[in-house]
Amino acid sequence: MHRSPEVREDGKCETQVQYIRKRNTTGCFIDTEGLGRSIRRRCENMNAIGLALMLMLLFALPSDTTMFVRTLGGVENDYAACIQQTAAGGYIIVGQTDSFGNGSRRNADAWIINLDSLGITRWEKTFGEAEKRDGALSVDKTTDGGYIVAGAMIPYGTDYPSIWIAKFDADGDSLWTRILKGSIVSSANAIRQTIDGGYILAGRGEENLLKLDSRGNREWGLRFGRSLFSVDQTPDGGFVAAGDSTYQQLEWDYIPALSLIKVDDRGDMEWSNPLGDAFIGSANCIRQTDDGGYILAGDSIHLISDFEHTHSFMVMKLGADGGREWQYYYDTFSNGASVEQTADGGYIAAGNMVDADHGLDFLLVRLDGEGNLQWTKTYGRDGGWEYASAIRQTADRGFIVAGQTDSEGAGRYDMWIMKLDANGNGPGPVGIAERDFNALDGFSLSQSYPNPTLKAASFRFTLPRSYFVTLAIYDMLGKKCATVLQEQRPAGDSVTEWPVNELPAGLYFYRLEAGPFTRTRKFIVR
């Protein structure tokens, strides 16, 4: 549990998707003074019920935060390893699939998915070879609008694993691929584009820190520690990387010691392990901070005996020389997977904690710039295995989180993608006991879009299996105004558009019935 998951042993996905779209009132350019005068004039002749209705309409106007929860996957195991927001406001996700491409319980393919800002799939690609377990572990946006992806190819038999690197354009079309043959164990755990247009790669193998040119050709490489899980370029053109080395070898595992290294742009060592060679734990993510220092997330290990140890989620702030400035520990059996500095100078970190039924839950920790706790949130189902791999702050100052779940979705494990607001809230209740946000056994009804609407509304829903569905519109008094849909629909996502121009302006409800499921939501016609 002390490090990001290793690579484990396109068609249409069974998915769940829910989203809420809001706009900030300032973003709507509302003339508040004029609106106030209008309200006062209209309220002079209104009774209490009319006033209440107007206030309901006013506060129902949609904020600029989009939230959604989505599972992606098929009947087998599917994992998300890394996520970033794209220049268009959507998201690029990489991971591994046993369900699609050449994937199976024996084989796996790398899986690359592009979502729009509402969490809807724009495109997806699988890459891999038969009789191999291929996986993508890291992605970075490139200056040409495309993406660089890195991972591993693990063959069956006696051949060693190889590092896999590929360059894609904005539409997911492959521009070039590089396979770097390794020895013992080879894996690319992290890749970043560098200021010279090349790439820096951190991983595991004969050389676990590699500098590549813009075509993926090796410029220099070195080995430090056992594995490097994260790398970032520093303002001086050099690089900082973090991972672990072997502190104590056990018969069934190893106890890691945290490894940190700073090199210049030619790969020459500037400093290493400023915390000492026996800091027990692992660094899964490291990022440069605005003050020239670093923020690190990982796993701090506490030895109880020669045969027993515990893990704690750890966030540590380092100075420019790698010296420790402060650290935060989460006190439950847990580990940290990802961290980054936020726009306000604080930090957001994601990882996992053991829940009451010995499963795993997503764990998010929000800290201020001095390491003081602002809030923590957990997401998952007791006894389920929800594993957070990556978190990023988004342009609207919310957060996007990627990982996997065995409690939801179509298969054994599915990618689990959550878009949250700035306080870690999703489009419904959040907590360990929640199955997911506003979904019941794979059934969900999303907020209509756009809302408010002038001409037409789009209604989206998700079914766990095929049902005869009825979607109807009701007014404030409960009178049916229209039947939008009355037909058999297949399992998965469905969407239907309906013109609203025959409805007078006002507040309405839309109600979806599908087998044993019923859900009602509201929308506004202007």
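Residues numbered from 1 in each chain as written. Predicted model: local features only at pLDDT ≥ 70, side-chain atom pairs only at ≥ 80, totals over all residues. Heavy atoms only, no water.

1. Quick word on the sheet that holds strand β33 (residues 492-499)
Right, on to step 1. The 3 strands are arranged β29-β30-β33 in an open sheet whose pairing can be described as antiparallel. Pairing within the sheet leaves two strands with one partner each, and these edge strands are β29 (444-445) and β33.
Right, on to step 2. Sheet topology places strand β30 (residues 456-463) next to β33; 8 bridges connect them, and they run antiparallel. In the sheet register, S458 faces β33, and the bridge partner there is E497. (Pairing = 2+ DSSP bridges. Helix = DSSP H or I, 4+ residues; strand = E, 2+ residues; numbered from the N terminus.)

2. As for the packing of aromatic side chains
Right, on to step 1. Scanning the entire structure with this criterion turns up 14 aromatic pairs.
Right, on to step 2. An angle of 65° between the planes, with centres 6.4 Å apart, marks the rings of W375 and F399 as edge-to-face. On the criterion of sequence distance, the pair formed by W375 in strand β25 (residues 373-379) and F399 in strand β27 (residues 399-405) is long-range, its members being 24 residues apart. Take W375 and F399: they sit in the same class, and that class is buried.
Right, on to step 3. Ring-pair connections join several aromatic residues into one group, and the members of that group are F459, Y508, Y510 and F523.
Right, on to step 4. K377 extends its terminal NZ or CZ atom over the ring of W375, reaching a point 5.0 Å from the ring centre. (Phe/Tyr/Trp six-rings, centres within 6.5 Å; stacked < 30°, edge-to-face > 60°. Buried < 20%, exposed > 50% of the residue type's maximum accessible area, 1.4 Å probe, protein only. Lys NZ or Arg CZ within 6 Å of the ring centre and 35° of its normal.)

3. As for the side chain of D264
Right, on to step 1. Along the chain, D264 turns up in the loop between β17 (254-263) and β18 (269-272).
Right, on to step 2. For D264, the side chain forms a polar contact with the main-chain nitrogen of D268, separated by 2.9 Å.
Right, on to step 3. Ignoring any residue separated from it by four or fewer positions in sequence, one finds D264 in contact with W220, G238, F239 and E270. (Polar contact = N/O pair within 3.5 Å; in protein donor to acceptor, adjacent residues only side chain to side chain. Contact = heavy atoms within 4.5 Å.)

4. A few points about the nonpolar core
Right, on to step 1. In this structure, F459, V469, I473, W498, L503 and F523 are the most contacted members of the largest nonpolar core, which totals 23 residues.
Right, on to step 2. Broken down by secondary-structure element, the contributors of at least two residues to this core are β30, β31 (467-474), β32 (480-489), β34 (506-514) and β35 (517-525).
Right, on to step 3. Here F459 is in contact with S448, L471, I473, S494, V495, T496, W498, Y510 and F523, once residues within four sequence places are set aside. (Core = buried A, V, L, I, M, F, W, Y, C linked by side-chain atoms within 4.5 Å.)

5. What to know about the environment of T289
Right, on to step 1. Tracing the chain through its elements places T289 in the loop between β19 (281-288) and β20 (294-305).
Right, on to step 2. Apart from residues no more than four positions distant in its own chain, T289 is found in contact with Y294, I295, K317, Q341 and Y347.

6. Quick word on the side chain of R287
Right, on to step 1. Within the element layout of this structure, R287 appears in strand β19.
Right, on to step 2. D232 is the oppositely charged side chain nearest to the buried, salt-bridge-free R287, at an N-O distance of 5.1 Å.
Right, on to step 3. A polar side-chain atom of R287 sits 3.5 Å from a polar atom in the side chain of S230.
Right, on to step 4. Among residues more than four places away in sequence, those in contact with R287 are R192, S230, V231, D232, G293, Y294, I295, V339 and R392. (Lys, Arg positive; Asp, Glu negative; His and termini not counted. Salt bridge = Lys/Arg side-chain N within 4 Å of Asp/Glu carboxyl O.)

7. Re the sheet that holds β35
The pairing of strands in a sheet comes from backbone hydrogen bonds and takes either a parallel or an antiparallel form.
Right, on to step 1. The 4 strands are arranged β32-β31-β34-β35 in an open sheet whose pairing can be described as antiparallel. Whereas interior strands pair on both sides, the edge strands pair on one side only; in this sheet they are β32 and β35. Taking the axes of each pair of neighbouring strands and ignoring which way they run, one obtains an average angle of 15° across the sheet.
Right, on to step 2. Pairing of β34 with β35, which is carried by 9 bridges, proceeds in the antiparallel orientation. The residue of β35 that forms the bridge with R511 is T520. (Axes fitted to C-alpha atoms, helices over the stretch in contact; angles between N-to-C directions.)

8. Notes on the confidence of the model for the chain
Right, on to step 1. Per-residue confidence for the chain gives a mean pLDDT of 80; residues scoring 70 or more make up 78%.
Right, on to step 2. Across residues 1-63, where pLDDT falls below 50, the model places 153 contacts with residues more than four positions away in sequence or in other chains.
Right, on to step 3. Low pLDDT, under 50, characterises residues 429-440; the predicted model gives this stretch 46 contacts beyond four residues in sequence or across chains. (pLDDT = per-residue confidence, 0-100.)

9. Brief notes about the state of the cysteines
Right, on to step 1. Inspection of the entire model under this criterion finds 0 disulfides.
Right, on to step 2. You can see C285 has no disulfide; the closest cysteine sulfur is in C82, sitting 9.1 Å from it. (Disulfide = S-S within 2.5 Å.)

10. Here's the deal with the environment of G403
Right, on to step 1. Within the fold, G403 resides in strand β27.
Right, on to step 2. When its relative accessible area of 0% is taken as the criterion, G403 is described as buried.
Right, on to step 3. Put simply, G403 and F362 are 41 residues apart on the chain and 8.3 Å apart in space, counted from C-alpha to C-alpha.
Right, on to step 4. Among all residues touching G403, those that are not within four sequence positions of it are A80, F362, Y387, A388, S389, D414, M415 and W416.

11. Things to note about the pattern of salt bridges
Right, on to step 1. All chains considered together, the criterion is met by 22 salt bridges.
Right, on to step 2. Two residues, D493 and R70, come together in a salt bridge whose shortest N-O distance is 4.0 Å. Of this pair, D493 sits in strand β33 while R70 sits in strand β2 (residues 66-72); the two residues are 423 residues apart in sequence, bridging distant segments of the chain.
Right, on to step 3. Judged by its relative accessible area of 27%, D493 falls in the partly exposed class.
Right, on to step 4. Among the ionic pairs, R266 bridges to D264, the shortest N-O distance being 3.1 Å.

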